[in-house]
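These are the residues of each chain, in order.
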Amino acid sequence: EFWSPSPHRSKDIDRFFVKQAASAAKIYNKKLVGAESFTTIGPHWNDVIWADMKPSADHEFCAGLNLVYLHTFTCSPKEMGLPGQEYFAGTHFNPNVTWWNYSTAFIKYLTRIQYLMQSGTAVADVLYYYGDHIPNIGRYKDDDPAKSLPDYDYDLINEDKLMDLSVKNGKIFLPHGVSYQVLALPDHKVLSLKALRKIKELVENGATIIGEKPLTTASLVGGSEAEQELKNITEQLWKVGTNGIRSLTAKEALKNKGILPDCEFIQKPAGKIFDYIHRQAENVDYYFISNQNKESLSLKAAFRVTGKQPEIWDAVTGKVRTATNFYEEKGRTFVDLSFNPNGSVFVVFRNTISVNKSKNKEATNLNYSTLQKINTPWNVDFDSKWGGKNIKMDSLVSWTNRPEEGVKFYSGTAIYKTTFNVLNVSKVLNLADVKLNLGIVKDVGIAKVKLNGKDLGILWCPPYQVSVAGLLKAKGNILEIEVVNTWRNRLIGDRDKPQSERFTKTNITIKPDWKLEPSGLLGPVQLLKASEK
């Protein structure tokens, strides 16, 4: 399972649990790694998809997740009203949420990632044997028991599959072809005699194994003779000056073997968190990289792949583009990457290129500057069924700042409409790349855009911008934006009303400390142009 941010599980170490399941799937040659997803206890209806759900899923995709099971998809009878009956735990993700009809874009995002994550095999250089203690659990990826992160990935293995390992040309193999460079032993200094005998076999066949010298089997099996055999084997394997087992970190052992980092983040902003997973399918290498920070950031990433053209695949939009800011050096390809807030990309290597085409060391970042702010008045239509009305906004403000009760406490979809002219016609209409940027969208962060009758799709994460090149005209551009918020504000508005006057009905207690969530299109809404820097 994994959790969205929740007061009940406020620390990452308490809410991410996919790494062990992903390792089990890999070492047993299973395709699917499913998890109960987006669990919470505490929040109700006010989850922000891009800020809460997306980075949580991305974190676990990097740990090996490839199949999301929603927690919770509640069945609520029609008689329960809206938002209806809900479970006390779990992100509310069902047809009764206000944004259900707009969830397609997020579901497509998850689907694109799952498709790629269910293809091929994850790459890891380190195999960590976590012993036979009971209970035994590999928690979240960042526990990093063998100390291989962040440059190399690892898998866990149990005693059952440890017995299946073999060695060829210094690499450690499982029967179905998965291989590793290093086997790391648990740090609790306890090994079964069965495991130790296998480790001795692997060392004798040329495997690189690291770890602390075990002191006991912690078992009655074999009695004192077993303990003596353990002592004899450990003295042989951990003998100083031999090619036996050394007390190193996995990263040190890999560097000693001359194994380059699989994925290294260079020029990474200090204190910022990024994660990745590397998969291979036939002759294609692809890396999923996640920005786990709520701001736009850039870095240079070095990948242990050469001779192939890097491509950037955007799982949010489905767009694929050829990377231009990259070069090869000493067995790795260096690629400049830019991320939106909590953004993520696939970097894919599939097409062979010649060396002379991979020497662009100068970063040419694409930046956007303002062409025109859209400051015309807006007509905003709130559904009267839920207490709303049609209002005029001369400037964009949160619904909660409006004096009308039906707007202040509104939950659901509001439709913004405005008409604007292009101020610099000759300059704007001839540009090949013009973006419409919505600025800030609250509270769930979903907007659907239509310009001059053309449906431009659903935007659900920053930077809330979409191409409008070729769609603009000199005068009378009609812009329509649907914005949706959660049930939170209407529930608060109904909290102190008698049941007969309420718009909502639910089994969940609306607590006194719930506060209104800023909602709506806050802007600024602008036309942007691209420029290289």
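A short tour of the structure in this document, coming up. (Residues numbered from 1 in each chain as written. Predicted model: local features only at pLDDT ≥ 70, side-chain atom pairs only at ≥ 80, totals over all residues. Heavy atoms only, no water.)

### Things to note about the sheet that holds strand β13 (residues 274–281)
- Here we have 6 strands laid out as an open sheet, ordered β4-β13-β14-β20-β16-β17, and antiparallel in their pairing. For this open sheet the edge positions go to β4 (121–122) and β17 (320–322), each flanked by a neighbour on one side alone.
- Most of the contacts of helix α2 (residues 49–61) go to strand β14 (residues 284–291), to which it runs at about 140°, and overall it touches β13, β14 and β20 (344–352). (Pairing = 2+ DSSP bridges. Helix = DSSP H or I, 4+ residues; strand = E, 2+ residues; numbered from the N terminus. Contact = heavy atoms within 4.5 Å. Axes fitted to C-alpha atoms, helices over the stretch in contact; angles between N-to-C directions.)

### Side note on the nonpolar core
- Among the nonpolar cores identified, the biggest contains 88 residues, and F346, W378, Y416, L436, L438, L479 and L521 are the most heavily contacted of them.
- Discounting residues that sit within four places of it in the chain, L479 has contacts with I374, W378, Y416, K417, T418, F420, L436, V449, K450, L451 and V525.
- Counting 29 residues, the second largest nonpolar core, distinct from the first, contains I27, I172, V178 and L183. (Core = buried A, V, L, I, M, F, W, Y, C linked by side-chain atoms within 4.5 Å. Buried < 20%, exposed > 50% of the residue type's maximum accessible area, 1.4 Å probe, protein only.)

### A closer look at the sheet that holds strand β15 (residues 297–303)
- Strand order across the open sheet formed by 4 strands is β12-β15-β19-β18, with antiparallel pairing between neighbours. Two strands close off the open sheet at either side, each with one partner strand: β12 (263–266) and β18 (326–329). In this sheet, adjacent strand axes meet at a mean angle of 30° when their direction is disregarded.
- Of the strand pairs in this sheet, β12 and β15 are connected by 4 bridges, and their pairing is antiparallel.

### Some points on the side chain of S519
- Locating S519 in the fold gives a position in the loop between β31 (505–506) and β32 (520–523).
- Sequence-distant contacts of S519, defined by excluding residues within four places in its chain, comprise V397, S398, W399, K442, D443, N485 and N489.

### Some details on the pattern of salt bridges
- Going through the model one piece at a time under the given rule, you end up with 24 salt bridges.
- In this structure, R139 engages D143 in a salt bridge whose closest nitrogen and oxygen atoms are separated by 2.8 Å.
- Residue R139 is classed as partly exposed on the basis of its relative accessible area of 36%.
- Salt-bridge contacts for R490 lead to D494; the nearest nitrogen and oxygen are separated by 3.1 Å. Of the two residues, R490 and D494 are both situated in helix α10 (residues 488–494); the distance of 4 residues between them amounts to about one turn of the helix.
- Overlapping salt bridges, with partners in common, bring together K19, K141, D153 and D275 in one network. (Salt bridge = Lys/Arg side-chain N within 4 Å of Asp/Glu carboxyl O.)

### Section: helix α1 (residues 19–27)
- Residues of α1 that are buried: K19, A22, S23, A25, K26 and I27.
- In the core, the buried residues of α1 are packed alongside β4, β6 (154–157), α4 (159–162) and β9 (179–180).

### Brief notes about helix α6 (residues 223–237)
- Between its terminal C-alpha atoms α6 stretches 22 Å, which fits the 21 Å expected from 15 residues at 1.5 Å a residue.
- Buried residues of α6: A226, L230, I233, T234 and L237, and no others. When α6 is viewed along its axis, its buried side chains cluster within an angular range of 100° and face the same direction. Seen from the buried face of α6, the exposed residues on the opposite side, beyond 90 degrees, are S224 and E225.
- Close packing links the buried residues of α6 with α5 (193–204). (Expected span 1.5 Å × (residues − 1). Arc of directions from axis to C-beta.)

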